[in-house]
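# A closer look at the structure
Listed below, chain by chain, are the residues.
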Amino acid sequence: MNAKLLMMIAFLFFLAWRKAADSFLLFCALFAGGLWVCVLIHRMENTHSVVDDDTQ
């Protein structure tokens, strides 16, 4: 997943929720925001786990 895309989707759902005051839109905004945080944490933890087999 692309973190920037998730952030934009969460922001758009949040703006739509503010305009329509629908609880489903708030759920979608919070869910996309949660996925964005999970993607950021996953990327931070797995940046150093690349193994090069040619160095042996």
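As a reminder, the structure under discussion sits directly above these lines.
Report follows, based on the coordinates. All figures in this text were calculated on a predicted structure; none of them were measured in a lab. (Residues numbered from 1 in each chain as written. Predicted model: local features only at pLDDT ≥ 70, side-chain atom pairs only at ≥ 80, totals over all residues. Heavy atoms only, no water.)

Tallying secondary structure elements over the chain gives 2 helices and 0 strands in all. Counting over 56 residues, the chain shows a buried share of 14%. (Helix = DSSP H or I, 4+ residues; strand = E, 2+ residues; numbered from the N terminus. Buried < 20%, exposed > 50% of the residue type's maximum accessible area, 1.4 Å probe, protein only.)

When two helices pack together, you describe them by how their axes are tilted relative to each other and by the distance separating the axes. Interhelical geometry of helix 1 (residues 3–20) versus helix 2 (residues 23–45) gives an angle of 160° and a closest axis separation of 8 Å. Classified by the angle between their axes, helix 1 and helix 2 sit roughly antiparallel to one another. Classified by chirality, the crossing of helix 2 by helix 1 is left-handed. Residue-level inspection shows Ala 3, Leu 6, Met 7, Ile 9, Ala 10, Phe 13, Phe 14, Ala 16, Trp 17 and Ala 20 of helix 1 in contact with helix 2, the latter providing Leu 25, Leu 26, Cys 28, Ala 29, Ala 32, Gly 33, Leu 35, Trp 36, Val 39 and Leu 40. Here the residues of the contact of helix 1 with helix 2 are counted per class, giving 19 nonpolar, 1 polar and no charged. (Axes fitted to C-alpha atoms, helices over the stretch in contact; angles between N-to-C directions. Parallel < 35°, antiparallel > 145°, perpendicular 65-115°, else oblique. Left-handed = near helix turned anticlockwise from the far one by under 90°. Contact = heavy atoms within 4.5 Å. Nonpolar A, V, L, I, M, F, W, Y, C, P; charged D, E, K, R; others polar.)

A few words on helix 2. For helix 2, spanning 23 residues, the distance from its first C-alpha to its last is 33 Å, which sits close to the expected 33 Å at 1.5 Å a residue. Where helix 2 is concerned, the buried positions are Leu 25, Cys 28, Ala 29, Ala 32 and Val 39. Next to the buried residues of helix 2 lie helix 1. (Expected span 1.5 Å × (residues − 1).)

Looking at the element boundaries, Leu 15 is found in helix 1. Spatially, the C-alpha atoms of Leu 15 and Leu 26 are 9.3 Å apart, while their sequence positions differ by 11 residues.

We now examine the packing of aromatic side chains. Taken as a whole, this structure holds 3 aromatic pairs when the rule is applied. Geometrically, the ring pair formed by Phe 14 and Trp 17 is tilted, given 5.7 Å between the ring centres and 40° between the ring planes. Placement of both Phe 14 and Trp 17 in helix 1 is noted, with a separation of 3 residues, approximately one turn of the helix. These aromatic residues form a ring-pair network of at least three members: Phe 24, Phe 27 and Phe 31. (Phe/Tyr/Trp six-rings, centres within 6.5 Å; stacked < 30°, edge-to-face > 60°.)

None of this, on its own, says anything about what the molecule does.
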